[in-house]
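The lines below spell out each chain.
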Protein chains: 2
Amino acid sequence: MISEVITIGTEILIGSITNTNGPYLSRKLTDFGYEVRYHASVRDKYEDIRDAVETAMTRSDVIFLCGGLGPTQDDMTKQALAHALGLKLVFDEEQWDYIVNVAMSFSRHITDNNKRQAEFPEGAIIIENKKGSAPGCLLNYEGKQFFMLPGPPREFEPMVDAIVDRYLKKVNGENFVTSLRLVNIGESQCESIFRREGIETEHVEVNTFAKTGEVEIKVLAHAEREEDIPAIREEHAVAVRRLRTLFHDHIYGDGDKDMFETLVEVLRHENMTISFAESVTGGALVRMITSVAGASDVLKESYITYSNEVKEKLLQVDPDTIEAYSVVSKEVAEEMSRGLYDRTQSTYTVATTGEAGPVASTDHEVGTVYYSIRKNGEEILGGRRLFKGDRTTIQYRSSKYLLASILLHELGEAYGRK
Amino acid sequence: MISEVITIGTEILIGSITNTNGPYLSRKLTDFGYEVRYHASVRDKYEDIRDAVETAMTRSDVIFLCGGLGPTQDDMTKQALAHALGLKLVFDEEQWDYIVNVAMSFSRHITDNNKRQAEFPEGAIIIENKKGSAPGCLLNYEGKQFFMLPGPPREFEPMVDAIVDRYLKKVNGENFVTSLRLVNIGESQCESIFRREGIETEHVEVNTFAKTGEVEIKVLAHAEREEDIPAIREEHAVAVRRLRTLFHDHIYGDGDKDMFETLVEVLRHENMTISFAESVTGGALVRMITSVAGASDVLKESYITYSNEVKEKLLQVDPDTIEAYSVVSKEVAEEMSRGLYDRTQSTYTVATTGEAGPVASTDHEVGTVYYSIRKNGEEILGGRRLFKGDRTTIQYRSSKYLLASILLHELGEAYGRK
């Protein structure tokens, strides 16, 4: 199915907001086996929306119109679509009751303007919006599907999920999708490895999605004809198995849980705790844990120790060590993690010291991070690593690297325990 | 000038990356007085790029093609454009030398494929790329301007800045742009206030740009004819003055510095220090400070105190206070900030305790934050506030709210000192 995503809103054209609905919807459609060929964004202008719809009709089967379902005169997506297709708008009493109720539950004032939200192109199927007052709709017209959805992502995203489950025509045959989540490897390294190994086949496509310090590999296959399903299922499974072997040391999961959630879950499951003594990372490490629900089960306390005095007072770092090796050193990191263990008795104690820049205030290159990770007081990982990027990127990447190392260590241990 | 931004790359259509080049370029063009009417994204396919160019020619004056300038066979933006316009591609020896040098400086392997990067549509003006090996170019063709730029944002963004400075035709007359940066006010509240006050006039447009916990107001005016300049300049200035008065209690700046940079600068300038004792915010507060260069001048140490034991041991919170009022209370926040002051003697000591969710583990509603801010040991702000959103949003918003309160307090003090 050739699909097109039209985003409507002047705020997008002036750069006031970044369009995240397009990527969200595109990922879902791609996973479902649709081919997204076009993204277009136009202003809240009648003619611009109409022209975009007319262009889309000439080239796409499934067309999404995102935004412009609100109550103001600027919101005219349904009106412009109806006009482009020569359809009337019909007022829906039931939806009007619903909108009045939603508005009341949010204690919002309701005006005659809101009535526009209860008007739909004739023949449209209404799609419920559980998070706001603007219902969406689906119009089947001359073999094409038009979906109209509200712009705010917190309303848009659950509606997209519902559409994929309920309203999209299944592509013929069967669709295979597997995600693998990797850490401590770069996207381009990852890509060059699986390209060299020739993982992709005639029917199996491999895409990578990079986030800072993390890569998702998505393995897609599609069997159009019933009789091809078993062979293509096997082709897909072989590719997934080969990737699992190739990237065994980097894969931490294959589900929806991100790395931080996975780590907190693993630590909780083993009744372990973690604490940080952060200098160069400035709290980035602890944030990665506290952002996860249930963090308080694994983290009781954590410290940002910027000055030498605090490192000495709180963590019993020896002033002579600082004098001899400088504060940015392996030796100081080791004393920090030891002092932290003595203080907290946490299962994992992690210490960082380094140079985050942007201008070096020490003799060390910007991006230098010394670290020391102890488990039950014994150092299991320590040393120096250089990270590239601006200040916050260095802090983020180095923190993610260290937590990923702990997670991979635990997964390896668990593997050994099995 | 009617402008159009065409982004090229299959990775955008499958949702693998979010298009940030579009918004970046759109903001710059809007500030320059151009009207961005269309965004389009197409795959790395010859025909799709060609069709997009042909459509753009019928409706836009200035057309940007972003991406597809790399060395691989997938990169074909210049080729597709040349074909659409019936132009030849010309090999540029000088650019080839440059590309070879850049590749060598990054110690990258160079192949014959890279020669594509030194080919340009005949008549194109080359635009230097200081951050990578793919030069951009500008083609003037039948009264239209076509800009071709590489996709990676770190190469793209500085090239856009250079284009705005050097290559864009100035719109006739003069352009007025002022930014005001606000905190502790919502975008919709802000918008409804300036709409009610009728700040916008025939020539003055006011746009708002929301980031979490922050709003930028941009005031734009354009005088087309020479003789209108003085009157429209004054109209613009009046709007800016009225906005400054209206939002006096929320404006923290009008330049490029964000709120965290501004706060660190203010604290440094006054030789002040700051420390945090964070429970519900879990390190979000300290991150906002340590992400800024020079943070170590104002922050020596900071604490994440999740458990009751640590609050008692480290901050001398009285167990009876926790017993009497529960740990999520105004009283505990006050004792935390006092204990932190006793410990650190920082100018500002800030404490938080609350319920970040997603499921309440206390009797308090998710999003409840109790806080206490002391200056030189005296509480200047404290109480309870409810924040909406998911866990990290609650942590982020509440932290930003507290730092914004400190910044506005200091700016008010400075105003008093003047």
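Cut-offs used in this document
- All residue numbers refer to position in the chain's written sequence, counted from 1.
- Whichever chain is written first is A, and whichever ligand is written first is 1; the rest continue in order.
- A pLDDT threshold of at least 70 governs which residues receive local features in this predicted model, and a stricter bar of 80 or more applies before side-chain atom pairs are shown or counted, although totals over entire chains, interfaces and linings include all residues.
- Water and hydrogen atoms play no part in the side-chain values, which are based on all heavy atoms of the structure.
- When checking whether two residues touch, look at their non-hydrogen atoms; a contact exists if any pair is within 4.5 Å.
- We define buried area as the total accessible area lost by two parts upon association, computed with a 1.4 Å probe and summed across both.
- The term salt bridge refers to a side-chain nitrogen of Lys or Arg lying within 4 Å of a carboxyl oxygen of Asp or Glu.
- The predictor reports its confidence for every residue as pLDDT, a score running from 0 up to 100.
- For Phe, Tyr and Trp, where Trp contributes only its six-membered ring, two rings pair if their centres lie within 6.5 Å, and the inter-plane angle classes them as stacked under 30 degrees, edge-to-face over 60, or tilted in between.
- Each helix corresponds to a stretch of at least 4 residues labelled H or I by DSSP, and each strand to a stretch of at least 2 residues labelled E; elements are numbered beginning at the N terminus.
- Exposure categories follow from relative accessible area, calculated using a 1.4 Å probe and restricted to protein chains: below 20% of the type maximum is buried, above 50% is exposed, and the middle band is partly exposed.
- In this analysis, the expected span of each helix is defined as 1.5 Å times one less than the number of residues it contains.
- The reported arc concerns the directions from the helix axis to the C-beta atoms and nothing else.
- Pairing between strands requires that DSSP locate at least two bridges from one strand to the other.
- Angles run from 0 to 180 degrees between N-to-C directions of axes, and those axes are lines fitted to C-alpha atoms, restricted for helices to the stretch in contact.

Colleague: For this particular structure, what's the right way to read the interface of chain B and chain A?
Modeller: When the parts of a complex come together, some accessible area is lost, and that lost area is often used as the size of the interface. The partner chain A presents 55 residues to the 55 residues of chain B that form the contact. Buried surface at the junction of chain B and chain A, summed over both partners, amounts to about 4400 Å²; 54% is from carbon and sulfur atoms. Considering only the surface of chain B that becomes buried against chain A, Ile14, Arg287 and Tyr306 of chain B emerge as the three largest contributors, covering 14% of it. Counting across the interface, chain B meets chain A through four salt bridges. For Glu301 of chain A, the salt bridge identified is with Lys313 of chain B, shortest N-O distance 3.6 Å.

Colleague: It is not clear to me how the confidence of the model for chain A should be interpreted in this structure. Could you clarify?
Modeller: In regions of low pLDDT, the predicted coordinates are not meant to be interpreted in detail. Scored by pLDDT, chain A has a mean of 92; 98% of the residues are at 70 or more. Among the prediction metrics, the complex's ipTM stands at 0.81, with pTM recorded as 0.81.

Colleague: Help me out: how do you make sense of the packing of aromatic side chains in this one?
Modeller: To describe a pair of aromatic rings, one takes the distance between the centres and the angle between the planes. Enumeration over the complete set of coordinates arrives at 11 aromatic pairs over all chains. Taking the centre distance of 5.6 Å and the plane angle of 55° together, the rings of Phe32 of chain B and Tyr34 of chain B count as tilted. Pairing Phe64 of chain B with Phe147 of chain B gives two aromatic rings, centres 4.9 Å apart and planes at 10°, and the pair type is stacked. Of this pair, Phe64 of chain B sits in strand β3 (residues 62-66) while Phe147 of chain B sits in strand β8 (residues 144-149), placing them 83 residues apart in sequence. A relative accessible area of 1% means that Phe64 of chain B is categorised as buried. Taken together, the aromatic side chains of Tyr371, Phe387 and Tyr401 of chain A make up a single cluster linked through ring pairs.

Colleague: Help me out: how do you make sense of helix α6 (residues 153-166) of chain B in this one?
Modeller: One turn of an α-helix holds 3.6 residues; hence residues three or four places apart share an orientation. Residue and element names in this part refer to chain B. Taking 1.5 Å as the rise per residue, α6 with 14 residues should run 20 Å; its terminal C-alpha atoms sit 19 Å apart, in good agreement. Residues of α6 that are buried: Glu155, Phe156, Met159, Val160, Ile163 and Val164. Relative to the axis of α6, the buried residues are bounded by an arc of 155° and lie together on one face. Of the residues in α6, the exposed ones pointing more than 90 degrees away from the buried face are Arg154, Asp165 and Arg166.

Colleague: How should the sheet that holds strand β17 (residues 378-386) of chain B be read in this particular structure?
Modeller: The strands making up a sheet associate through backbone hydrogen bonding, with each pair oriented either parallel or antiparallel. Here we have 10 strands laid out as an open sheet, ordered β17(A)-β16(A)-β15(A)-β13(A)-β14(A)-β14(B)-β13(B)-β15(B)-β16(B)-β17(B), and mixed in their pairing. Two strands in the sheet have a free side with no partner beyond their single neighbour: β17 (378-386) of chain A together with β17 of chain B. For this sheet, the mean inter-axis angle between neighbouring strands, taken without regard to orientation, is 10°. Of the strand pairs in this sheet, strand β13 (residues 274-278) of chain B and strand β15 (residues 348-354) of chain B are connected by five bridges, and their pairing is parallel. Counted as the bridge partner of Phe276 of chain B is Val350 of chain B from β15 of chain B. Of the strands in this sheet, β14 (301-305) of chain A together with β13 and β14 (301-305) of chain B are in contact with helix α11 (residues 308-315) of chain B, which crosses β14 of chain B at around 145°.

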